[in-house]
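Notes for the structure review
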Amino acid sequence: MYQTVVLTKGEFEVTLCTIGARLLSIKCPTINGVIEMLAAPHDEQSVKDDSCYMGATCGLVCNRIANAAFTIDENHYELQANNGNNLLHGGAEGLSTRYWNIESASDSTVVFTVAVGDLQDGFPGNRQISVTYSIVDDLRLQIDHSVVSDKKTPVNLTNHAYFHLGENDISTLQLQLLADKFLERNDDGIPTGRLVDTDEVGYDLRWPVSVNSLLIQNKYPQMHQEKGVDHCFVHGQHAFNKAVAELRSAKHSVTLKVYSDQPCLQVYTGKFLEGEFKPYQAMCLESQGYSDAVNHSHFDSVLLEPNQKYEHRVVYQFVND
């Protein structure tokens, strides 16, 4: 059943829904009043029609799996491709399309749960999945993901929120990343296995750079040709002692700081937004494990052992400058 939940603390307000355990809105106080931070659908039909995973929990394995197939302990699994020959964000039966249950809710916290049966989405194991959204402090939204399975299975969840921080588009925003590497990929988004130094984009991304400059003056041939970024940046795990990304709006004097316990961040500048949304209107900073790790033995593993628990925390903190 389609339901929405609103979390509040002071003027900070977060709206979510049960399709895809999805973020629909983050309204944040700024020097210019309370401003919407996200581009997202706002009713059941627009959520159902969404093809861009806007605000959704994506998985069981987010990002891409090459040739929609993988092998675990000599057991080969073939999935239903939904992105050319590849699997994207868990496929047509992925978590973003499912109606989740509201396990519990309060003014500042909601717990969404869903059960997925063995091979129901092509992945092995009967799985119990939960996502908890909490306003844990002023202007700080924490998302906790967990998964348990009775069979070994790959797990790599992410939240796919699109941020514009109240701007008309992302061109005037400034981006800063902790990562000094990103995954080289082919034109279908599949990693080759090689890591690339971030300075190949022509900027030191550890310092703020305007997104417009990154879009139009990018020195990395693939990003330049594609007129945007859709790459998996590798920063390792920093146990929340440093933001893995910062996105700033000078217009509203607000900065989004992203903290994550995962080793990677998919940065996507929204080229393919469509329908009621326009390309580059908003961008994603997707906390996750290595893309296509199931097919690259030297990447950090995303395999979950039976009856162990996958846990993944990401925090979106808004700071008024």
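Now for a look at the structure at hand. All values reported here derive from a predicted model rather than from experimental measurement.

Calculation notes
- Residues numbered from 1 in each chain as written.
- Predicted model: local features only at pLDDT ≥ 70, side-chain atom pairs only at ≥ 80, totals over all residues.
- Heavy atoms only, no water.
- Salt bridge = Lys/Arg side-chain N within 4 Å of Asp/Glu carboxyl O.
- Helix = DSSP H or I, 4+ residues; strand = E, 2+ residues; numbered from the N terminus.
- Buried < 20%, exposed > 50% of the residue type's maximum accessible area, 1.4 Å probe, protein only.
- Phe/Tyr/Trp six-rings, centres within 6.5 Å; stacked < 30°, edge-to-face > 60°.
- Pairing = 2+ DSSP bridges.
- Axes fitted to C-alpha atoms, helices over the stretch in contact; angles between N-to-C directions.
- Polar contact = N/O pair within 3.5 Å; in protein donor to acceptor, adjacent residues only side chain to side chain.
- Contact = heavy atoms within 4.5 Å.

Some points on the pattern of salt bridges
Throughout the structure, instances matching the rule amount to 13 salt bridges. A salt bridge links arginine 22 to aspartate 50, with the shortest nitrogen-to-oxygen separation between them at 2.8 Å. Note that arginine 22 is positioned in strand 3 (residues 22-30) and aspartate 50 in the loop between helix 1 (44-49) and strand 6 (57-58), a separation of 28 residues in sequence. Classification of aspartate 50 by relative accessible area gives buried; the value is 18%.

Re the packing of aromatic side chains
In total, this model carries 10 aromatic pairs according to the counting rule given. For the ring pair phenylalanine 163 and tyrosine 316, a centre distance of 5.0 Å and an interplane angle of 70° mean the geometry is edge-to-face. Taken together, the positions of phenylalanine 163 in strand 17 (residues 162-163) and tyrosine 316 in strand 28 (residues 309-320) put the pair 153 residues apart, joining distant regions of the chain. Among the residues examined, phenylalanine 163 registers a relative accessible area of 0% and is labelled buried. Here tyrosine 316 falls in the buried class, since its relative accessible area comes to 1%. Between phenylalanine 182 and tyrosine 220 the ring centres are 5.0 Å apart and the planes differ by 90°, which places this aromatic pair in the edge-to-face class. With phenylalanine 182 in strand 19 (residues 181-185) and tyrosine 220 in the loop between helix 2 (211-216) and helix 3 (221-226), this residue pair connects regions lying 38 residues apart in the sequence.

Some remarks on the sheet that holds strand 5 (residues 38-39)
With respect to topology, 7 strands assemble into an open sheet ordered 5-17-26-25-22-19-20, the strand pairing being antiparallel. If you trace the sheet from one side to the other, it starts and ends with strand 5 and strand 20 (191-197), each paired once.

Some thoughts on unusual backbone geometry
Generally, phi is negative for residues other than glycine and the peptide bonds are trans, each holding for most cases. Cis peptide bonds are those with omega within 30 degrees of zero, and the linkage from glycine 59 to leucine 60 qualifies with 20°. Positive phi, normally seen in glycine, also occurs at tyrosine 53, with a value near 60°. Examined against the element boundaries, tyrosine 53 turns out to sit in the loop between helix 1 and strand 6. Residue classification places tyrosine 53 among the buried positions, given a relative accessible area of 16%.

Side note on the pairing of strand 9 (residues 75-78)
Here strand 8 (residues 69-72) pairs with strand 9 via 4 bridges, running antiparallel. Following the sheet pairing, phenylalanine 70 is matched in strand 9 by tyrosine 77. Hairpin geometry of strand 8 and strand 9 is characterised by an intervening segment of 2 residues between the two adjacent antiparallel strands and by a positive phi of about 50° at aspartate 73.

A few points about the pairing of strand 26 (residues 283-288)
Judged by how many residues are buried, strand 26 sits mostly within the fold: 6 of 6 residues are covered. Burial along strand 26 is two-sided: the residues Met283, Leu285 and Ser287 and Cys284, Glu286 and Gln288 are all buried. Pairing between strand 17 and strand 26: 2 bridges, direction antiparallel. Residue pairing for strand 26: tyrosine 162 is matched across the bridge by cysteine 284. Bridge count between strand 25 (residues 264-268) and strand 26: 5 bridges; the pairing is antiparallel. Paired with glutamine 266 across the bridge in strand 26 is glutamate 286.

Considerations on the sheet that holds strand 1 (residues 4-9)
By definition, the strands of a sheet pair up through backbone hydrogen bonds, in either a parallel or an antiparallel sense. Judged by pairing direction, the sheet is antiparallel, and its 4 strands sit side by side in the order 1-2-3-4 without closing on themselves. Every other strand in the sheet has two partners, leaving strand 1 and strand 4 (33-36) as the edge strands with one partner each. Pairwise comparison of adjacent strand axes, ignoring direction, gives a mean angle of 15° for this sheet. As defined by bridge partners, strand 3 adjoins strand 4 across 4 bridges and the pair is classed as antiparallel. Bridging across to strand 4, proline 29 finds its partner in valine 34.

Considerations on the side chain of histidine 164
Among the secondary structure elements, histidine 164 is positioned in the loop between strand 17 and strand 18 (174-177). At a separation of 2.9 Å, a polar atom in the side chain of histidine 164 contacts the main-chain carbonyl oxygen of leucine 38. Once you skip the residues sitting within four places of it in the chain, histidine 164 turns out to touch Glu36, Met37, Leu38, Ala39, Leu173, Gln281 and Ala282.

What about the environment of leucine 139?
Relative to the helices and strands, leucine 139 resides in the loop between strand 13 (127-137) and strand 14 (140-149). Given the relative accessible area of 13%, leucine 139 is considered buried.

What to know about the side chain of arginine 64
Mapped onto the elements of the fold, arginine 64 is located in strand 7 (residues 64-65). A polar side-chain atom of arginine 64 sits 3.4 Å from the main-chain carbonyl oxygen of aspartate 188. Contacts of arginine 64, omitting those with residues within four sequence positions, involve Asn83, Leu87, Leu88, Asp188, Gly189, Ile190, Asp230, Ser291 and Asp292.

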